[in-house]
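Overview (structure and organization)
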Number of protein chains: 2
Amino acid sequence: MPATDLRRRGVPEATVARLPAYLRVLGAMAARGVRSTSSDELATAVGVHSAKVRKDLSQLGTYGVRGVGYDVAHLSMEIARELGMTRDWSLVIVGMGNLGRALAGHGGFASRGFRVAALCDNDPAVIGQRVGETTIVSLSALSDVIDAESAIGIITTPPHAAQQVAEALVAAGIRSILNFAGGALTLPEDVDVRPVDVASELQILAFHNQRRIQPDLARAAP
Amino acid sequence: MPATDLRRRGVPEATVARLPAYLRVLGAMAARGVRSTSSDELATAVGVHSAKVRKDLSQLGTYGVRGVGYDVAHLSMEIARELGMTRDWSLVIVGMGNLGRALAGHGGFASRGFRVAALCDNDPAVIGQRVGETTIVSLSALSDVIDAESAIGIITTPPHAAQQVAEALVAAGIRSILNFAGGALTLPEDVDVRPVDVASELQILAFHNQRRIQPDLARAAP
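Our subject in this report is the structure included herewith.

Rules of the game
- Residues numbered from 1 in each chain as written.
- Chains lettered and ligands numbered in written order.
- Predicted model: local features only at pLDDT ≥ 70, side-chain atom pairs only at ≥ 80, totals over all residues.
- Heavy atoms only, no water.
- Helix = DSSP H or I, 4+ residues; strand = E, 2+ residues; numbered from the N terminus.
- Buried < 20%, exposed > 50% of the residue type's maximum accessible area, 1.4 Å probe, protein only.
- Contact = heavy atoms within 4.5 Å.
- Pairing = 2+ DSSP bridges.
- Axes fitted to C-alpha atoms, helices over the stretch in contact; angles between N-to-C directions.
- Least-squares fit on C-alpha atoms with pLDDT ≥ 70 in both.
- Phe/Tyr/Trp six-rings, centres within 6.5 Å; stacked < 30°, edge-to-face > 60°.
- Lys NZ or Arg CZ within 6 Å of the ring centre and 35° of its normal.
- Polar contact = N/O pair within 3.5 Å; in protein donor to acceptor, adjacent residues only side chain to side chain.
- Right-handed = clockwise from strand over helix to strand, strands pointing away.
- Core = buried A, V, L, I, M, F, W, Y, C linked by side-chain atoms within 4.5 Å.
- Salt bridge = Lys/Arg side-chain N within 4 Å of Asp/Glu carboxyl O.

**A few points about the environment of A:Y70**
Residue and element names in this part refer to chain A. Note on placement: Y70 falls in strand β2 (residues 70–71). Its relative accessible area of 6% is what places Y70 among the buried residues. Separated by 13 residues in sequence, Y70 and L57 place their C-alpha atoms 9.9 Å apart. When sequence neighbours within four positions are dropped, the list of residues in contact with Y70 reads R35, S36, T37, S38, S39, L42, R54, L57, T62, Y63, G64 and L75.

**Details of the sheet that holds strand β5 (residues 130–131) of chain B**
Within a beta sheet, neighbouring strands are joined by backbone hydrogen bonds and run either parallel or antiparallel to one another. Residues and elements named next belong to chain B. Strands sit in the order β5-β6-β4-β3-β7-β8-β9 across an open sheet of 7 strands; the sheet is mixed. Looking at strand neighbours, the two that pair on one side only are β5 and β9 (192–195), the edges of this open sheet. Here helix α8 (residues 162–171) sits on the sheet and contacts β3 (89–94), β7 (151–155) and β8 (176–179); the angle it forms with β7, its principal contact strand, is near 170°.

**Looking at the pairing of strand β7 (residues 151–155) of chain A**
Residues and elements named next belong to chain A. Burial of β7 is extensive: 5 of the 5 residues sit out of reach of the surface. Inspection of the sheet shows strand β3 (residues 89–94) paired to β7 by 5 bridges, in the parallel sense. Within the sheet, the bridge partner assigned to V92 lies in β7 and is G153. Pairing between β7 and strand β8 (residues 176–179): 3 bridges, direction parallel. Residue pairing for β8: G153 is matched across the bridge by I177.

**Some words on the relation of the copies chain A and chain B**
Expressed as a screw transformation, the operator carrying chain A onto chain B has a rotation angle of 180° and an axial translation of 0.0 Å, and the superposed copies differ by an RMSD of 0.0 Å. Read as a symmetry element, the transformation amounts to a two-fold axis. A share of 100% of interface residues in chain A that are also interface residues in chain B marks the association as one of identical surfaces.

**With respect to the sheet that holds β8(A)**
The strand order across the open sheet built from 7 strands is β5-β6-β4-β3-β7-β8-β9 (chain A), with neighbouring strands paired in mixed fashion. Each of the sheet's edge strands pairs with one partner strand only, and the pair in question is β5 (130–131) and β9 (192–195) of chain A.

**A look at the packing of aromatic side chains**
Two descriptors summarise a pair of aromatic rings, namely the distance from one centre to the other and the angle between the planes of the rings. This structure, assessed with the given rule, holds 0 aromatic pairs over all chains. It is B:R87 that lies over the ring of B:W89; its NZ or CZ is 5.6 Å from the centre.

**Side note on helix α5 (residues 72–82) of chain B**
All names here are of chain B. V72, L75, S76, E78, I79, A80 and E82 are the residues of α5 that are buried. N-capping of α5 is provided by D71, with a side-chain oxygen placed 3.3 Å from the backbone N of A73. Positive phi shows up at G84, right after α5, with a value of about 75°.

**Here's the deal with the pairing of β8(A)**
Residues and elements named next belong to chain A. Residues S176 and L178 point to one face of β8 and I177 and N179 to the other, with burial holding for every one of them. Of the crossover connections in this fold, the one passing from β7 over helix α8 (residues 162–171) to the parallel β8 is right-handed. With 4 bridges joining them, β8 and β9 adopt parallel strand pairing. Across the sheet, the residue bridging to I177 is V193, located in β9.

**Some details on the nonpolar core**
Formed by 93 residues in total, the largest nonpolar core has its most connected members in A:I79 and B:I79. Sequence-distant contacts of B:I79, that is, excluding residues within four places in its chain, are made with B:L19, B:Y22, B:L23, B:L26, B:L57 and B:L60.

**Concerning the side chain of A:S200**
Looking at the secondary structure, you find A:S200 in helix α9 (residues 198–213). Polar contacts involving the side chain of A:S200 include one to the side chain of A:D197, which spans 2.8 Å. Not counting the four nearest positions on each side in its chain, A:S200 is found in contact with B:P20, B:R24 and B:R112.

**Focus: the pattern of salt bridges**
What the rule picks out here adds up to 16 salt bridges over all chains. Across the salt bridge formed by A:R81 and A:E82, the nearest N and O atoms sit 3.9 Å from each other. Residue A:E82 is classed as buried on the basis of its relative accessible area, which comes to 3%. Via salt bridges that share partners, A:E78, A:R81, A:E82 and B:R211 belong to a single interconnected network.

These values are about where atoms sit, not about what they do.
Below, the structure written as structure tokens:
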């Protein structure tokens, strides 16, 4: 399990999950010419308590200077290094439906070091088509076009195809997978899967909304 | 804060987050004609320990019968009711770029009670266009087309527009927002925002991958 793995390595998963937000805020500060910041400012921008910011950053061995705070450029670089942003990552998107094409054309990845390296589909009518500058290939041709060590797989297929696609990605040497397809994947322990399940997110919002508009439901619960 | 709100009402946020997965697995079982199931089976399908399944379901006041397990149909109905799936929810998608259009055309929402009720954009060239059977309107026309109480807003605009769009959704009476735009939103406390930040998810995967291929980084950390 990746979470266990990380805890053993000393950085709690919850801290890792907040690093991209710190990096984004620091990037915006740098763009405005801001040179130093405080844990209070970072906390407000990210939406956590400042004590948590200080603890998170101390996990990376980074401490603010009393009365001075954090150096924006240095802290950005530290977090970027921790997040592996100092190298380029190749994205492999499997499933060229609307969502796969939307992600393939997403402009916000390149600036964060993510390059769309391969687009895959199993439909012969789609293989060979171009999306932007990338030609869609079959999943079996994947290992010819990518360096698996620095690749991240993104599954945008229908749910029923996800397990098979994930196994093919793992067989091609990929160990990091973002799964939009819904459903649990059964994969080797060293494979790191992050699910993005839009329907589940909606159901969680609906749960809260339901209880907001029908408070009696909440009171009836044990 | 929604998390605090829910804890006060007795169902931990982590349990709520797993309910959609249980519901999906139960739906698949029902489709195969399976009538009863065990916490072990549910645990395997969802990818958690069976003790956690029993605890989660007991939070809803649902207990398995020893030697018999859980009734699939009854448990599905209980979870669906908790998740507010027994009423229809209207989706309002704001930002008709690739991602907004992909979500508007997503086939998996209707079966879970989510209906695309409105599509919004601020580009006059786009307003009036149809996506499927829905005509794109301006955000200011939103309150005419939806019942805000049962609506969920989905923000698929560029990041810089997200705060303004979120405020407009809240002004229209919407209290549940799924935010794909990245960045923290500053909104009233009773508004429930769930972020879906694909670039951050990729950065978290990159963090793990980086440490997998360069274990010295992990050892150097404090």
